[in-house]
Amino acid sequence: MTRYLRRRVFHALIVLWAAYTLAFAVLYLLPGDPVQAMLSSGDGPSVATAAQADELRARLGLDRPLYAQYLDMVWDAVRGDLGTSYRTGESVLGAVARSLGPTFQLTACALVLAVIAGVSIGLLSTYVKSRALRSILQSIPAIGVSVPTFWSGLMLIQVVSFRWKLLPAIGAEGASGLLMPAVALAIPTAATLAQLLSQRMADTLNETFVTTARSKGASRARIHLRHAFRNASLPAVTVLGMLVGQLLSGSVVVETVFSRPGVGRLTIQSVEAHDLPVVQALVILGALVYVAANLAVDVLYPKLDPRVDLSAGASTVRSSA
Amino acid sequence: MTIATTPDDMHGSRAGTPPAPGPAKQGRTRSVPARWLLRNPGLLAAVAFIAVLLGWALLPSLFTSHDPLRGLASQANQAPSWDHLFGTDRLGRDLFARVVHGTSLSLRSAALAVLVGLVAGSSIGLLAGFTGRWVDDLAMRFVDVLLSIPGLLLSLAVVTAIGFGTTNVAVAVGIGSVASFARVTRSEVLRIRGATYVEAAYASGCTRRTVLLRHVAPNVVGPVLALATLEFGTACLAVSSLSFLGFGAVPPTPEWGSLVAEGRNALATSWWLATFPGLAVVATVVAANRLARALVADPRGGER
């Protein structure tokens, strides 16, 4: 087990390093000059002279050869230094760490909502007997995955805040301020989960062990919850990494719509200011969250599914979805 | 796409062997499209809506007589009515005209994004699936890394590097979808490479190149196109999100995402401004996804 764990952690670190390198390649190798973009951001074309541009470039260390920049950055990153923000001059690590709290609150809340809603809809869509109700329950997730988060957020504000005057549109503290953003953020994730679960439930209910359970006289509810759901929910667990990544992506939009502080806000501000070190750190954060979630699933999976034996060696629990 | 064949792959000559019919052709007679459509009212609605969208994109002035860019100050902030189906904004511009004229840009961006992902992703997938061994390993590790970065963050990083604007946003979104195209293409190539009819083709003397072009490629196209349709919906969402965030179309140009962003400021007074452009996105994505689901289910779209 510990050997397996060590190998998985090593693999996770390799993926993180590769993601770091990919982010570097995207940000520093792709055509486009951040210095020009920074100087001209604002109104109209660049007003800075070539000398000013060169000076800024030298100050940011962008005049050195790329391999030197890369090696320095990797070495600094290994020591826990992700550089300084172009925009504010503070340490990138500090800026990112400060924005983590509110986003963690938001995404955790949204994940809980998404699991509750997704599981309920997924289960009900195979449990109800009425054909009409069933097709309605199956089309809800199809619409849910098609709704852009920025729009559902605005619609919530419009109806809940302006029409019904139930919750303040923006700037509320505590739970009342968290509810609407979390609901908006949870919709696509809940829909993805519901689609996956309802499909797996339908497949599982055709399995022979369900027939056996039925012939033994188990009730419909018992078959659905105890027999089918347990099997059908396992694949859903393996996509946790993807779902958390989806939530992090969504938080960029939701935090903008609801004017909340957090990682998403920081992302938008940094992209607007062409703040390369911060954007790079945020990409790595995304990869870290995904990798950590997958690692957690890999380690916990045998506890959920006794059929998976890690000591057998080549068992990487991966979803195909 | 051509893949070089090595001399040792030339198993004899093809002379005397009639071209083996690929299984891709069998499905073509299996279902009459019209009857098949009628049996699925939801699918029919999706196809009809996509047809309307194409009309909006290609000939917008056929559908609305209003100017999308110039409005009448006397008609500012009007709620939806027969004259202005979706209402007007604070400059008196007709929102329906702006949505219709924005279709072209929104759809083109999403299509460009899919094209970028399709070309890059299926090249990687084909190469990985065909060459195998270390090329396959390397390509798939690369795809793993791509998958580890949440799509929107990757697109935002690309946009930071190459600059803002609709084309750049489309390319950035396309790069975000490379991984899924690569994975599907590779798995299809691997599946087909092991199929009996490929074995039979080799046995009857086909060269590697012939097998690739006549047997593998036609069968990969279906599932990859089904994925492209699905990715079109996803790209539509991503492009409009980036536009909403202000990295895409520049304000006077109508584009669905930026129209919603404009409407955001008037949320309390003019509900229609943010509502209708967003509904256009929702309807487009629902329709594209419905079509994609049909393509996956249909034998011509690959059996799964």
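Just so you know, the residues in each chain are numbered from 1, in the order the chain's sequence is written. Here the convention is simple: chains get letters from A, ligands get numbers from 1, in the order in which they are written. Reporting in this predicted model follows two pLDDT cut-offs: at least 70 for local features of residues, and 80 or more for side-chain atom pairs to be given and counted; totals over whole chains, interfaces and linings ignore these cut-offs and use all residues. With hydrogens and water set aside, each side-chain value is computed from the structure's full complement of heavy atoms.

Focus on the UniProt feature "transmembrane region" (unreviewed entry) in chain B
All names here are of chain B.
- Here, the residues flagged by UniProt with the feature "transmembrane region" (unreviewed entry) are residues 36–59, 110–130, 142–163 and 270–292.
- Each helix corresponds to a stretch of at least 4 residues labelled H or I by DSSP, and each strand to a stretch of at least 2 residues labelled E; elements are numbered beginning at the N terminus. As a span, residues 110–130 carries 100% helix and 0% strand, and end to end its C-alpha atoms are 29 Å apart.
- Counting secondary structure, residues 270–292 comes out at 91% helix and 0% strand; the distance between its end C-alpha atoms is 35 Å. UniProt positions are given in the numbering used here, feature names are shortened, and annotations may be inferred rather than shown by experiment.

A short note on the pattern of salt bridges
Residue and element names in this part refer to chain B.
- Salt bridge, as used here, is a side-chain nitrogen of Lys or Arg placed within 4 Å of a carboxyl oxygen of Asp or Glu. In this structure the tally under the stated criterion is nine salt bridges over all chains.
- One salt bridge in this structure joins arginine 98 and glutamate 262, with 3.3 Å as the shortest N-O distance. Of this pair, arginine 98 sits in helix α4 (residues 95–131) while glutamate 262 sits in helix α11 (residues 256–264), and the two are 164 residues apart along the sequence.
- To sort residues, take the accessible area from a 1.4 Å probe on protein chains only and compare it with the maximum for the residue type: under 20% means buried, over 50% means exposed, and anything in between is partly exposed. Overall, arginine 98 belongs to the buried group, its relative accessible area being 1%.

Some remarks on the packing of helix α6 (residues 151–162) of chain B against helix α7 (residues 166–176) of chain B
Residues and elements named next belong to chain B.
- Axis lines are fitted to C-alpha atoms, over the contacting stretch for helices. Their N-to-C directions set the angle, which ranges from 0 to 180 degrees. Following both chains from N to C, one finds α6 and α7 inclined at 140°, their axes separated by 8 Å at the closest point. One way to sum up the angle between α6 and α7 is to call them oblique. The two elements α6 and α7 cross, and the hand of that crossing is right-handed. Together, Leu154, Ser155, Val158, Val159 and Ile162 of α6 and Asn168, Val169, Ala172, Val173, Ile175 and Gly176 of α7 make up the contact between the two elements.
- Considered class by class, the residues forming the contact of α6 with α7 number eight nonpolar, three polar and no charged. In these notes the angle categories are as follows: under 35 degrees is roughly parallel, over 145 is roughly antiparallel, 65 to 115 is roughly perpendicular, and the rest is oblique. Working rule for handedness: look at the near helix, and if it is turned counterclockwise from the far one by less than a right angle, call the crossing left-handed; if clockwise, right-handed. In this analysis, two residues are considered to be in contact whenever any of their non-hydrogen atoms come within 4.5 Å of each other. Amino acid classes used here: Ala, Val, Leu, Ile, Met, Phe, Trp, Tyr, Cys and Pro are nonpolar; Asp, Glu, Lys and Arg are charged; the rest, including Gly, are polar.

Quick look at the packing of aromatic side chains
- For this analysis, a ring pair means two rings from Phe, Tyr or Trp (six-membered ring only for Trp) whose centres lie within 6.5 Å, classed as stacked if their planes differ by under 30 degrees, edge-to-face if by over 60, and tilted for the remaining angles. Evaluated as defined, the whole model comprises nine aromatic pairs over all chains.
- Plain terms: the ring middles of phenylalanine 24 of chain A and tyrosine 28 of chain A are 4.8 Å apart, the flat faces sit at 20° to each other, and that makes the pair stacked. Separated by four residues within a single helix, phenylalanine 24 of chain A and tyrosine 28 of chain A lie in helix α1 (residues 2–29), roughly one turn from each other. The exposure classification of phenylalanine 24 of chain A matches that of tyrosine 28 of chain A, with both residues buried.
- A ring pair is formed by phenylalanine 164 of chain B and phenylalanine 247 of chain B, whose centres lie 4.9 Å apart and whose planes are at 50°; its orientation type is tilted. Placement of phenylalanine 164 of chain B in the loop between α6 and α7 and of phenylalanine 247 of chain B in the loop between α10 (208–244) and α11 is noted, with a sequence separation of 83 residues between them.
- By relative accessible area, phenylalanine 247 of chain B is classed as buried at 0%.

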